Amino acid sequence: MKPYQLLFENLIDINPRTGMIKFNNKRMALFSVEALGFLRRDLVNTLGMERAKGFLMRYGWACGYKSGENIEEIYEWKSKKDLLLAGPYLHSLEGVATAEPDTIEINEEYLYFTGQWKDSFEAIEHTKHYGHSKDPVCWILVGYASGYLTKTYGKKVLVYEEKCLGKGDTNCRFVAKRLDLSDKQHRQDLGYYETESLLSELDRVYKEVQELNDHIMESEQVQKQLTDMMLADKSIQETVSFIADILQKSIVIDLDHGTPIKNFMAGSHQSLYHQWKDDGKTNCKNKECIETFPIQANTKHLGIMILISDHPLNQKENLIIQRSLKIFTIQLFHQKKLAQSIWEKKANCFDDLIRNKYDDSMFQHNMNVFDFNPNVSNRILTIHVQPTSLKEPVLQYLVNDYPKKDIFFMGHDIVFILDNPTC
């Protein structure tokens, strides 16, 4: 028997009375390619792209293995090469693609088989629902060819696509090699052929969804505790310590202007933080990792959250971090606005004071915004900052170093009230 002697009219058997269709002595059912495309789409949407790929490759492998078994039993083949070449003929006759082999090198210890699949139904249906992919998408065809060649060659054969219509190539090009001769990259595809049922796939997806739901509920509970702390007017330092304790990771809030807020869980984490400050790189060294998250309100940048730990964040930790960032943003934004409001009020009161716009009652009422003692001699220091863009950082620096002094903006200058000339 020669491959070209496989003729459709000889392989097809249609019984109008019973409604049964047989092809190559196997019962068949006619389904539209469009319906198979919808099935493929639903598998991808339900299982995800990678799991759907594995499921369809296993399905294709089972079909190909059974086809190889049947055709080997029914016909007498003049050579192993003819039996292997019959696979592309069957592929074409079954309507899944036009299979055109172009190279086949075979002996007991070696197999190298290449060719093209034209008008692959899989590639067409995939692009219809998902557009072009960055990877080949003819999963059933690859599985079918792997199963067929494994059965007919007698040793494990791995088939992969070098080119694919589904990723924008003109046609699909397949390559088949013995498993032990395939490169490491393509041997990784063996994982897709592990025997798993659709039920087990769905069960695993369900468990992942359930786990995600548990993580969401845990992170929501953390956010509730953070919200309660914020409403109780807890400091940002307390919030940082709370999150660091929950995650068992070191946390630093680097402010745009001001002293960093820190909670280190280990001395090595502190060293890693200072190293990061020097080179500005986020990476993992040995077992320790550093990751950064911007803190911003709309387009206003408030600071950076630096997380230092012994391993990268997992899903639950990421959810907690994202929720805590919202609280940190509110706290920092509120703190910034409060400070600006106090600076502005001090500036207005001071302006009224030096212009002698106060009577005694107004003076006593508004002096509560200041810390200096009006009953002793005071000196006024004004600082003109150039460039003006550095005005706020300089003010914040002075406020941090002299928290009990009255320091505020007056126009383009910074006013510093010195109630003790020796300070």
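These remarks concern the structure in this document. Since we're looking at a predicted model, the values are computed, not measured. (Residues numbered from 1 in each chain as written. Predicted model: local features only at pLDDT ≥ 70, side-chain atom pairs only at ≥ 80, totals over all residues. Heavy atoms only, no water.)

Thoughts on the overall build of the chain
Across its full length, the chain holds 13 helices and 15 strands. Counting every position in the chain, which comprises 423 residues, the buried fraction comes to 39%. Once local pairs closer than 6 in sequence are excluded, the contacts in the chain between residues at least 24 apart make up 59%. Roughly 24,000 Å² of accessible area belongs to the chain as shown, and the carbon and sulfur atoms make up 51% of that amount. (Helix = DSSP H or I, 4+ residues; strand = E, 2+ residues; numbered from the N terminus. Buried < 20%, exposed > 50% of the residue type's maximum accessible area, 1.4 Å probe, protein only. Contact = heavy atoms within 4.5 Å. Areas by Shrake-Rupley, 256 points an atom, 1.4 Å probe, with all protein chains shown as cover.)

Observations concerning the sheet that holds strand β1 (residues 12–15)
Spatial ordering of the open sheet is given by β1-β2-β3, a layout of three strands whose pairing is antiparallel. With one partner strand each, in any of the chains shown, β1 and β3 (26–28) form the two edges of the open sheet. Mean inter-strand twist for the sheet, computed between neighbouring axes without regard to direction, equals 30 degrees. Of the strand pairs in this sheet, β1 and strand β2 (residues 20–23) are connected by four bridges, and their pairing is antiparallel. Across the sheet, the residue bridging to Asp-13 is Lys-22, located in β2. (Pairing = 2+ DSSP bridges. Axes fitted to C-alpha atoms, helices over the stretch in contact; angles between N-to-C directions.)

Description of the pairing of strand β8 (residues 250–255)
Within β8, six of the six residues are buried, which leaves the element mostly enclosed by the surrounding structure. One ladder, built from six bridges, connects β8 with strand β12 (residues 300–309); its direction is antiparallel. Its bridge partner being in β12, Asp-254 is matched across the sheet by Ile-304.

A few points about empty space enclosed by the protein
Summed over the entire model, instances satisfying the criterion amount to two cavities of 30 Å³ or more. Approximately 100 Å³ is the volume found for the largest cavity. Lining the largest cavity, in full, are Leu-84, Gly-87, Pro-88, His-91, Ala-99, Phe-113, Trp-117, Tyr-144, Ala-145, Tyr-148, Leu-149 and Phe-174. (1 Å grid on protein atoms, 1.4 Å probe; cavity = no way out; pocket = protein on both sides within 12 Å on 5 of 7 lines; lining within 4 Å. Points joined across faces, edges and corners; volume = space filled by probe spheres on them.)

Quick look at the nonpolar core
Residues Ile-71, Leu-90, Phe-113, Trp-117, Tyr-148, Leu-149 and Val-159 are the most contacted members of the largest nonpolar core, which totals 46 residues. Examining the composition of this core, we find that nine residues originate from one element, helix α6 (residues 139–153), more than from any other. With residues up to four places along the chain from it excluded, the contact list for Leu-149 reads Leu-84, Phe-113, Gly-154, Lys-155, Val-157, Val-159 and Ala-176. If you look at the next biggest cluster of nonpolar residues, it comprises 26 residues, including Val-222, Val-240, Ile-261 and Ile-320. (Core = buried A, V, L, I, M, F, W, Y, C linked by side-chain atoms within 4.5 Å.)

Re the packing of helix α5 (residues 121–130) against α6
Across the interface, α5 lies against α6 with an axial gap of 7 Å and an inter-helix angle of 155 degrees. On the basis of the axis angle, α5 is roughly antiparallel to α6. Side by side, α5 and α6 meet where Phe-121, Glu-122 and His-126 of the first sit next to Trp-139, Ile-140 and Leu-141 of the second. Here the residues of the contact of α5 with α6 sort into four nonpolar, one polar and one charged. (Parallel < 35°, antiparallel > 145°, perpendicular 65-115°, else oblique. Nonpolar A, V, L, I, M, F, W, Y, C, P; charged D, E, K, R; others polar.)

Details of the sheet that holds strand β4 (residues 98–107)
Strand order across the open sheet formed by four strands is β4-β5-β7-β6, with antiparallel pairing between neighbours. In this open sheet, the two edge strands, each paired with only one partner strand, are β4 and β6 (157–163). On average, each strand axis in the sheet is inclined to that of its neighbour by 15 degrees, with strand direction left out of account. Of the pairings in the sheet, the one linking strand β5 (residues 110–118) to strand β7 (residues 172–178) comprises six bridges and is antiparallel in character. Note on β7: the bridge partner recorded for Gly-115 is Phe-174. Relative to the sheet, helix α4 (residues 80–93) contacts β4 and β5, its axis offset from that of β4 by approximately 165 degrees.

Comments concerning the state of the cysteines
Inspection of every chain in the model, using the stated rule, returns zero disulfides. Distance from the sulfur of Cys-138, which forms no disulfide, to the nearest cysteine sulfur (Cys-172) is 3.7 Å. In this structure Cys-138 comes out as buried when scored by relative accessible area, which is 0%. Accessibility expressed as a relative area gives 1% for Cys-172, which makes it buried. (Disulfide = S-S within 2.5 Å.)

Notes on the side chain of Ser-219
Topologically, Ser-219 is positioned in helix α8 (residues 198–231). A distance of 2.8 Å separates a polar side-chain atom of Ser-219 from the backbone oxygen of Ile-216. Residues in contact with Ser-219, not counting those within four places in the same chain, are Leu-319, Ile-320 and Arg-323. (Polar contact = N/O pair within 3.5 Å; in protein donor to acceptor, adjacent residues only side chain to side chain.)

Section: a nonpolar patch on the surface
Together, Phe-31, Leu-36 and Leu-39 make up a nonpolar patch on the protein surface, roughly 310 Å² of accessible area in all. If you trace the backbone, Leu-39 turns up in helix α2 (residues 33–47). What makes Leu-39 partly exposed here is its relative accessible area of 48%. (Patch = residues over 30% accessible without salt bridge, like charges linked within 9 Å, V, L, I, M, F, W, Y side chains within 5 Å. Salt bridge = Lys/Arg side-chain N within 4 Å of Asp/Glu carboxyl O.)

Notes on the pattern of salt bridges
Following the criterion strictly, the structure yields 17 salt bridges and no others. Notably, a salt bridge pairs Lys-155 with Glu-109, separated by 3.8 Å at the nearest N-O pair. On the criterion of sequence distance, the pair formed by Lys-155 in the loop between α6 and β6 and Glu-109 in the loop between β4 and β5 is long-range, its members being 46 residues apart. Here Lys-155 falls in the partly exposed class, since its relative accessible area comes to 32%. Its relative accessible area of 54% is what places Glu-109 among the exposed residues. Between Lys-316 and Glu-218 there is a salt bridge whose closest N-O contact spans 3.2 Å. Residue Lys-316 is found in helix α11 (residues 315–354), and its partner Glu-218 is found in helix α8; the two are separated by 98 residues along the sequence. The partly exposed category is assigned to Lys-316, whose relative accessible area is 27%. Among the ionic contacts, a cluster of salt bridges with common partners joins Asp-102, Glu-162 and Arg-173.

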